[in-house]
Amino acid sequence: MVYFKKILLILSIAVIFVGCGSSSTTEKILQDENASSSDKQTDKPLQTPLGEEQIFSEVYLEMPKSDPCEDGEFYRLKTKECLVIKNPSSGFEGWGFQGFVSAENNYTISTLTERELKDVIANLPAEGGRIIIPEGIIEIVDGITIPSNVILEGAGAGKTILSNRSSDASKFTSVVELDGENIIIRGMTIEGNGESLNGIDGHKSGRNVLIEFIEARNFKLDQGSGISFSRKYPLYNSKITIRYNNLYNGLHGIGVKIRTGARMLIYSNQAFNNTNYGIDISTTQYVEVAGNYLHNNEEGGAKSPHSNAIIYHRNDINFNKVAGIAYMGRSDSATITLEENNLSNNEGLAFNASSAYFYKLTLKNNIVTNSIDQNGYTIGAYGVRLIWVSGDHGNIWYNKAAGYRVVNADEVE
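Residues numbered from 1 in each chain as written. Predicted model: local features only at pLDDT ≥ 70, side-chain atom pairs only at ≥ 80, totals over all residues. Heavy atoms only, no water.

*Asks:* Which parts of the structure should I look at to understand the overall build of the protein chain?
*Replies:* When helices and strands are tallied, the protein chain shows two helices and 35 strands. Counting the 413 residues in the protein chain, one finds 60% classified as buried. At a minimum sequence separation of 6, the contacts of the protein chain that also span at least 24 residues come to 69%. (Helix = DSSP H or I, 4+ residues; strand = E, 2+ residues; numbered from the N terminus. Buried < 20%, exposed > 50% of the residue type's maximum accessible area, 1.4 Å probe, protein only. Contact = heavy atoms within 4.5 Å.)

Below, the structure is given as structure tokens:
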């Protein structure tokens, strides 16, 4: 594995907007509409070649090997803090994985062969069981499928490796496909070798899924994700938790399209060096995104097209080439909340919804330093009807002529 030290990257790519109105958080008009971004930070780590097993020594974080926090908390990777989840998995209205009682059926894979692993899966009793894979590499062809009531557990990322190849150069299969509910996948590296669609694929999954302590890498760069829940049909109240995973060299680190109210937690993951976004939450409602480190992705740290009630809080989203967080599409009632995120040092806007339309954007005490377009804006929200702001978010581009509003919450309170 190659480490880069003290590498400078100077980029001048910026998104250019022609606006009808502008505002800082105190609604002052920007004096210089063509302000240069030449004063932006330039000591950004160099992108490593996609598809190669390389990282950035300056910004890459070692992942926790076990949960460092108490129940109901998440771990902010960059600052090493345990903080409170807004919608914990416990409780009547809890989001995320609820737990299940697995049978006292434990199976250890002794030969580290694809045949033994698939035989154990195929012969599980109806009540399921726990499959333990010790340290080593299992070479797989065309992936494996995990049914309901199963825990698939390795010895840890970098120790247990599922390495998938395709039997047909024109056919891309995912490494691990979920086909049921009450499933836990934890503690392993999932290697796509550039021949796999996704690492963990939940397009047929049911409710109550936990994915944790996984390294997922090297997937189809124009389509695949390290972890994907892109469903054709809606899944109500999915209770899915994705946490403590390291995701790189795919289209997205995490791709979600649940198509309904997901009740989903995505926290304490690192996603970098993906050809599109670290996290993509499309056409989905009720997802909490917290404590993640999303950096050095070719487009942005995160996006949520056509989505509603997405809460981004206390994430570190930096060094992405186009924007920190983006919203695309149209939703008359959608709300997006950005609270206490570090959105600094991206090659464009800290938040970009300039060509989208939705109802309400809440901005609360985010850091937006050096995430700025060529016109001097830090927040692009031209199609947002109501922007509720607390704290300094720089210059906001919004459609004042259409009656859209920026409300300074500090002054209202």
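Moving on, there is more to tell.
*Asks:* Teacher, can you tell me more about the state of the cysteines here?
*Replies:* Here, the word disulfide means a covalent bond between the sulfur atoms of two cysteines. Here the structure, examined in full by the defined rule, presents one disulfide. There is a disulfide in this structure between cysteine 69 and cysteine 82, and the S-S distance comes to 2.1 Å. For the disulfide bridge between cysteine 69 and cysteine 82, the dihedral angle about the S-S bond is near -85 degrees, and by the sign convention the bridge is left-handed. Linking cysteine 69 in the loop between strand E3 (55-56) and strand E4 (73-76) with cysteine 82 in strand E5 (residues 81-84), this pair joins segments that are 13 residues apart in sequence. (Disulfide = S-S within 2.5 Å.)

*Asks:* Would you explain the packing of aromatic side chains in this entry?
*Replies:* We describe a pair of aromatic rings using the distance from one ring centre to the other and the angle between the two ring planes. Tallying each qualifying case throughout the model produces nine aromatic pairs. What links up through ring pairs into an aromatic cluster is the set Phe213, Tyr244 and Tyr267. Between arginine 263 and the ring centre of tyrosine 286, over which it is positioned, the NZ or CZ distance is 4.4 Å. The lysine or arginine in question, arginine 330, covers the ring of tyrosine 357, its NZ or CZ lying 4.1 Å from the ring centre. (Phe/Tyr/Trp six-rings, centres within 6.5 Å; stacked < 30°, edge-to-face > 60°. Lys NZ or Arg CZ within 6 Å of the ring centre and 35° of its normal.)

*Asks:* I tried to follow the side chain of glutamate 212 on my own but got confused; where do I start?
*Replies:* Within the secondary structure layout, glutamate 212 lies in strand E15 (residues 209-217). Its relative accessible area of 3% is what places glutamate 212 among the buried residues. In terms of polar contacts, glutamate 212 uses its side chain to reach the side chain of arginine 243, at 2.8 Å. If we skip the residues at most four places from it in the chain, glutamate 212 touches Ile185, Arg186, Gly187, Arg243, Tyr244 and Asn245. (Polar contact = N/O pair within 3.5 Å; in protein donor to acceptor, adjacent residues only side chain to side chain.)

*Asks:* Please clarify how the pairing of E15 should be interpreted in this entry.
*Replies:* Sheet faces and side chains relate simply in a regular strand, where the side chains alternate between the two faces. Among the nine residues in E15, nine count as buried, and that is most of the element. Across eight bridges, the pairing between strand E13 (residues 183-191) and E15 is parallel. Bridge assignment links threonine 189 to a residue of E15, and that residue is glutamate 215. Both E15 and strand E17 (residues 240-243) contribute to a ladder of four bridges, which runs parallel. The partner of isoleucine 211 across the bridge, within E17, is isoleucine 242. Pairing between E15 and strand E18 (residues 246-248): three bridges, direction parallel. When the bridges of E18 are listed, alanine 216 appears paired with leucine 247. (Pairing = 2+ DSSP bridges.)

*Asks:* Looking at this structure, how should I read helix H1 (residues 114-122)?
*Replies:* Note: α-helices contain 3.6 residues per turn, so residues at a spacing of three or four share the same orientation. All of the buried residues along H1 are Glu116, Leu117, Val120 and Ile121. Buried positions in H1, seen along its axis, are confined to an arc of 135 degrees and lie on one side of it. Every exposed residue of H1 that faces more than 90 degrees away from the buried side is listed here: Arg115 and Ala122. Those residues of H1 that are buried lie in contact with strand E6 (106-108), strand E7 (129-133), strand E8 (136-141), strand E9 (144-146), strand E10 (150-154) and strand E11 (160-165). (Arc of directions from axis to C-beta.)

*Asks:* How should I be thinking about the pattern of salt bridges in this particular structure?
*Replies:* Opposite charge on two side chains permits them to pair, given that their charged atoms come into close proximity. For the coordinates displayed, the defined rule picks out 19 salt bridges. Note that lysine 118 is salt-bridged to glutamate 114, the shortest N-O span being 2.7 Å. Of this pair, lysine 118 and glutamate 114 both sit in helix H1, four residues apart, which is roughly one turn of that helix. Arginine 130 is the partner of glutamate 153 in a salt bridge, and the nearest nitrogen-oxygen pair spans 3.2 Å. Taken together, the positions of glutamate 153 in strand E10 and arginine 130 in strand E7 put the pair 23 residues apart, joining distant regions of the chain. By relative accessible area, glutamate 153 is classed as buried at 17%. If you follow the salt bridges from partner to partner, you end up with Asp67, Arg130, Glu153, Arg186, Glu212 and Arg243 in one network. (Salt bridge = Lys/Arg side-chain N within 4 Å of Asp/Glu carboxyl O.)

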